[in-house]
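Given next are the chains, with one letter for each unit.
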Amino acid sequence: GAFLQVLAMAGMSFVVTHLPAQYAGLGTVCCFSFFVVSFSLGLGAVTWLYLAEIYPMEIRGCALSVCGVINWLSCFTVVFGGRFLSVHSAC
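A. Region of the structure containing the packing of helix α3 (residues 44-54) against helix α4 (residues 60-81). Following both chains from N to C, one finds α3 and α4 inclined at 150°, their axes separated by 9 Å at the closest point. When the axes of α3 and α4 are compared, the crossing they make is right-handed. Contacts from Trp48, Leu51 and Ala52 in α3 reach Arg60, Leu64, Cys67, Gly68 and Asn71 in α4.

See the structure below:
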């Protein structure tokens with residue numbers, strides 16, 4: 001899981017720096033897709049397994065629903081808030 005994520009990020013770094021601009025976009029998409037798949041197979045399920053174990057049976061359904069909503073809202077915020085960030089403005 002995590003090792004494959006590291007390989008995907010290293011591959012993306014290589015693609016961006018060493019490939020021509022016409023192939024960099026496709027290579028970046030492939031490396032990012034590989035990263036997402038390796039996260040889903042490895043560390044992605046750990047959160048849901050952990051959450052299912054810490055709540056008592058009486059409130060488990062409601063608690064996991066709230067956690068799911070918070071997870072989706074957090075992802076939404078990161079994805080749509082990320083376009084306002086720029087590497088050039090951070091340096």
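Moving on from the coordinates now.
B. Structural detail: the side chain of Gln5. Checked against the element boundaries, Gln5 lands in helix α1 (residues 2-18). Overall, Gln5 belongs to the buried group, its relative accessible area being 9%. Discounting residues that sit within four places of it in the chain, Gln5 has contacts with Phe35, Ser38, Phe39 and Leu43.

C. Structural context of the packing of α1 against helix α2 (residues 21-41). Packing of α1 against α2 brings their axes to within 8 Å, and their N-to-C directions diverge by 175°. Judged by the angle between their axes, α1 and α2 are roughly antiparallel. Seen from α1, the contacting residues are Leu4, Gln5, Ala8, Met9, Gly11, Met12, Val15 and Val16; seen from α2, they are Tyr23, Ala24, Gly27, Thr28, Cys31, Phe32, Phe34, Phe35, Ser38 and Phe39.

The rules behind these values
Residues numbered from 1 in each chain as written. Predicted model: local features only at pLDDT ≥ 70, side-chain atom pairs only at ≥ 80, totals over all residues. Heavy atoms only, no water. Axes fitted to C-alpha atoms, helices over the stretch in contact; angles between N-to-C directions. Helix = DSSP H or I, 4+ residues; strand = E, 2+ residues; numbered from the N terminus. Left-handed = near helix turned anticlockwise from the far one by under 90°. Contact = heavy atoms within 4.5 Å. Buried < 20%, exposed > 50% of the residue type's maximum accessible area, 1.4 Å probe, protein only. Parallel < 35°, antiparallel > 145°, perpendicular 65-115°, else oblique.

Geometric descriptors of this kind do not, in isolation, establish any biological role.
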